[in-house]
Amino acid sequence: MARNFTENRTRNTLIVIVVFGLCSFFYLLGAWQRSGSGGGDRIQNWVNEQTKCAQLPNLNFETHHRASDLPNDTGTSKIKPFEPCDEQYTDYTPCEEQKRAMTFPRDNMIYRERHCPPEKEKLYCLIPAPNGYVAPFRWPKSRDFVPYANVPHKSLTVEKAIQNWVHYEGNVFRFPGGGTQFPQGADTYIDQLASVIPIAEGKVRTALDTGCGVASLGAYLLKKNVLTMSFAPRDNHEAQVQFALERGVPAYIGVLGSIKLPFPSRVFDMAHCSRCLIPWSGNNGMYMMEVDRVLRPGGYWVLSGPPIGWKIHYKGWQRTKEDLRNEQRKIEQFAELLCWKKISEKDGIAIWRKRLNDKSCSMKQDNSKIGKCELATDNDVWYKKMEVCITPLPEVNSVSEVAGGQLEPFPKRLNAVPPRIALGSMPDLSVQSYEDDNKLWQKHVKAYKKINNLLDTGRYRNIMDMNAGLGSFAAALESPKLWVMNVIPTIANTSTLGVIYERGLIGMYHDWCEGFSTYPRTYDLIHSNAIFSLYQNKCKFEDILLEMDRILRPEGAVIIRDKVDALVKVEKIANAMRWKTRLADHENGPHVPEKILFAVKQYWATGNKSS
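Here the structure is a predicted model, which is why all the values come from computation and not from measurement. One numbering rule holds for all chains: residues counted from 1, following each sequence as written. This being a predicted model, a pLDDT of at least 70 is required before a residue's local features are given, and a value of 80 or more before pairs of side-chain atoms are given or counted; all residues contribute to the totals for chains, interfaces and linings. By convention in this description, side-chain values take in all heavy atoms of the structure and omit both hydrogens and water.

> Is there a simple way to explain the packing of aromatic side chains in this structure?
The geometry of an aromatic ring pair comes down to the distance between the two centres and the angle between the two planes. Pairing of aromatic rings covers Phe, Tyr and the six-membered ring of Trp, with a centre-to-centre limit of 6.5 Å; geometry is then stacked below 30 degrees between planes, edge-to-face above 60, and tilted otherwise. Throughout the structure, instances matching the rule amount to 22 aromatic pairs. Aromatic side chains Y448 and F598 sit 6.1 Å apart centroid to centroid with 85° between the ring planes, which places their arrangement in the edge-to-face category. Placement of Y448 in helix 13 (residues 431-451) and of F598 in strand 19 (residues 594-601) is noted, with a sequence separation of 150 residues between them. Each member of the pair, Y448 together with F598, is buried. For the ring pair F532 and F541, a centre distance of 5.0 Å and an interplane angle of 70° mean the geometry is edge-to-face. What makes F532 buried here is its relative accessible area of 0%. Taken together through their ring pairs, the aromatic side chains of Y148, Y168, F173, F175 and F243 make up a single cluster. The ring of F137 is capped by K141, whose NZ or CZ atom sits 4.4 Å from the centre of that ring. Charge over a ring is defined by NZ of Lys or CZ of Arg lying within 6 Å of the ring centre and within 35 degrees of the ring normal. When the ring centre of F541 is taken as origin, the NZ or CZ atom of K569, which lies over that ring, is 5.0 Å away. Helix numbers and strand numbers start at the N terminus; a helix is a DSSP run of H or I with at least 4 residues, a strand a run of E with at least 2. For each residue, the accessible area found with a 1.4 Å probe, counting protein chains only, is set against the maximum for its type, and the residue is called buried under 20%, exposed over 50%, and partly exposed in between.

> Help me understand the pairing of strand 10 (residues 349-353), please; the structure alone is not making it clear to me.
Within a regular beta strand, the side chains point alternately toward one face of the sheet and then the other, so they alternate between its two faces. With 4 of 5 residues buried, strand 10 is to be regarded as a mostly interior element. When DSSP finds two or more bridges between two strands, those strands count as paired. Both strand 8 (residues 295-304) and strand 10 contribute to a ladder of 5 bridges, which runs antiparallel. When the bridges of strand 10 are listed, L303 appears paired with A350. Taken together, strand 9 (residues 341-346) and the strand that follows it, strand 10, pair antiparallel across an intervening segment of 2 residues, in which D347 is found at a positive phi of about 55°.

> Just to check I follow, could you spell out helix 6 (residues 186-194) for this structure?
Each α-helix winds once per 3.6 residues, and so residues spaced three or four apart point in a common direction. Residues A186, Y189, I190 and L193 constitute the buried set of helix 6. One face of helix 6 carries all of its buried residues, which in axial projection span an arc of 95°. On its buried face, helix 6 is in contact with helix 7 (216-221), strand 7 (268-274), strand 8 and strand 10. Throughout, the arc means the angular range of directions from the helix axis out to the C-beta atoms. Contact definition: two residues touch when any of their heavy atoms are within 4.5 Å.

> I keep staring at the pattern of salt bridges and nothing clicks. Help me out?
When the charged atoms of two side chains lie near each other, side chains of opposite charge can form a pair. The term salt bridge refers to a side-chain nitrogen of Lys or Arg lying within 4 Å of a carboxyl oxygen of Asp or Glu. Going through the model one piece at a time under the given rule, you end up with 35 salt bridges. A salt bridge links R293 to E290; the nearest nitrogen and oxygen atoms lie 2.9 Å apart. Residue R293 and its partner E290 are located together in helix 9 (residues 286-294), separated by 3 residues, close to a single helical turn. Exposure remark for E290: the relative accessible area of 3% places this residue in the buried category.

> I would appreciate a short explanation of the packing of helix 17 (residues 541-551) against helix 18 (residues 564-576) in the present structure.
Packed helices, taken two at a time, are described by the angle their axes make and the gap between the axes. Taken N-terminus to C-terminus, the directions of helix 17 and helix 18 make an angle of 55°; their axes are 10 Å apart at the nearest point. In this view, helix 17 runs oblique relative to helix 18, as classed from their interaxial angle. Between helix 17 and helix 18 the crossing geometry is right-handed. On helix 18, the residues touching F541, E542 and L545 of helix 17 are A566, K569, V570 and I573. In terms of residue class, the contact of helix 17 with helix 18 is made up of 5 nonpolar, no polar and 2 charged. Fitting a line to C-alpha atoms yields each axis, with helices limited to the stretch in contact; the angle taken between N-to-C directions then spans 0 to 180 degrees. When describing relative orientation, an angle under 35 degrees is termed roughly parallel and one over 145 degrees roughly antiparallel, while 65 to 115 degrees is termed roughly perpendicular and anything else oblique. Each crossing gets its handedness from the near helix: less than a right angle anticlockwise from the far helix is left-handed, clockwise is right-handed. Each residue receives one of three labels: charged for Asp, Glu, Lys and Arg, nonpolar for Ala, Val, Leu, Ile, Met, Phe, Trp, Tyr, Cys and Pro, and polar for the others, Gly being one of them.

> Which parts of the structure should I look at to understand the nonpolar core?
If you look at soluble globular proteins, the nonpolar side chains tend to sit buried side by side. Among the buried residues, those of types Ala, Val, Leu, Ile, Met, Phe, Trp, Tyr and Cys that are joined through side-chain atoms within 4.5 Å form a nonpolar core. Counting 133 residues, the largest nonpolar core has F263, W280, W301, F532 and M548 as its most contacted members. Formed by 10 residues, the second largest nonpolar core is a distinct cluster that contains V146, W165, F173 and A239.

> Hey, could you run me through unusual backbone geometry in this one?
Residues other than glycine predominantly adopt negative phi, and peptide bonds predominantly adopt the trans conformation. The amide bond that connects W139 to the next residue, P140, takes the cis arrangement and shows omega of 10°. Along the polypeptide, P140 turns up in the loop between helix 3 (98-101) and helix 4 (141-144). Here the bond from F410 into P411 is cis, since omega is 15°, no more than 30 degrees from zero. For P411, the position within the fold is in the loop between strand 12 (389-390) and helix 12 (419-422).

Laid out in structure tokens, this is it:
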């Protein structure tokens, strides 16, 4: 009995030791894999690659997320294929259509602003590419050459023939880099600006070009690592913005009219007007006040062309000396009211610098006729009327302090903590959440590249992020080969566009229930994060997807990240729009309800309507 008792005790002790050892082993294995330090992530990635878990053309997630459980029978309903629109809609821009525009008042360019069609007039068809459409040239060749078939409009080559904007040569347009106010080329003009403004030092990264023409200034500023948001109205100078985007230069259809620009305050390092035909001296200085609103403290405003240099050029402008003198005097008075300091006027170019803070000239702004704008509406600009008021700056402790915080030069600015977050002006965001967001999107983009290995090769030049958040997707992709239009939906819970600009990136506000202010076929790749969940009860998915199809180039790519219930419906609509789709699991595995839909828009044109 004693021997049996001893054997049983030994056996039980051994079992306890074995169980304890196994538990310890699996616990350490799990911790090792989660940490990433031991290579667990690499093993998981290797297994995924070998089994092609993320690349199956028809991903089956029924075990964990059943389509039959989704609302409105999303998983089983069929959607009728969308037909091509008539050829007359090849260049359709729903919110800037000429016929609709002419029904609105001409005062303050109201008729050139956004006027979107009512529900009954929306098109539920696919915008066709022009016959003969081809893939654009890759950057940097696209800066100078655009295929004629893609933008078959010659009016600018006639109207601006002597101003060196664009020339028609055989089957291409050539852009020599000239402009009305820089006949010797954009490079020479930029060198003149750089003799006064620290363009080459990384201190000027984001610029705004008002009335941009074909955006040659923005195209050539890219060599200086300056990212320019260019805009021009859709008017009788046909296809200005279309040419700009076809060249691979950031631009949108817009105008300084009666509505505020779609940007938050204090975001651009420089604003520019080269004979942009904006009446700066009119409306009690309202347009200069709007430029002041979007300029960063210490930012620069450049004005070239009438009335600057009137003493020399007044005869060529066919205006009297007195008229031009009075116009410039008014501009100077408004600049003084705004506390802009003129730092240069030479060769028909005048440059002012915005104040660093409100302490530097508080007395000059105590004007009974012009009050201060309400801070509560600082970022609430979508369809909001422009006002004759001065936008106040964040408070400072001394006259030498930069209101809102000092920015790092670019590229250090890209990943530095933005002042809006570091100074606590955005309560919902912290330094830790910002850094976590950066790491998360680096991981997401790395996963994207496994599916689409062309993502950062230069194949996609014009990229749009429909719900940009903190701009971390664009930051992870940052490269001279591409640029990203970071869009913040007007219904987003937090306005983060100011943070995006503080990173040295560009973007704008937009409501995705409406058409975007651009021509068809102007983006090579569109990224969408949680857009369909955000707009679930705001408008139809078809409206958003058809707009994505309109602005996407033939053979352009789409990446949609969202919850599975939204993506099931999105995929069906996408297939009805002739997109080729592939649904993939989240990087963390099939149990995560968030999925990723990869899609490619098929090539077809007016002369070949079949996919």
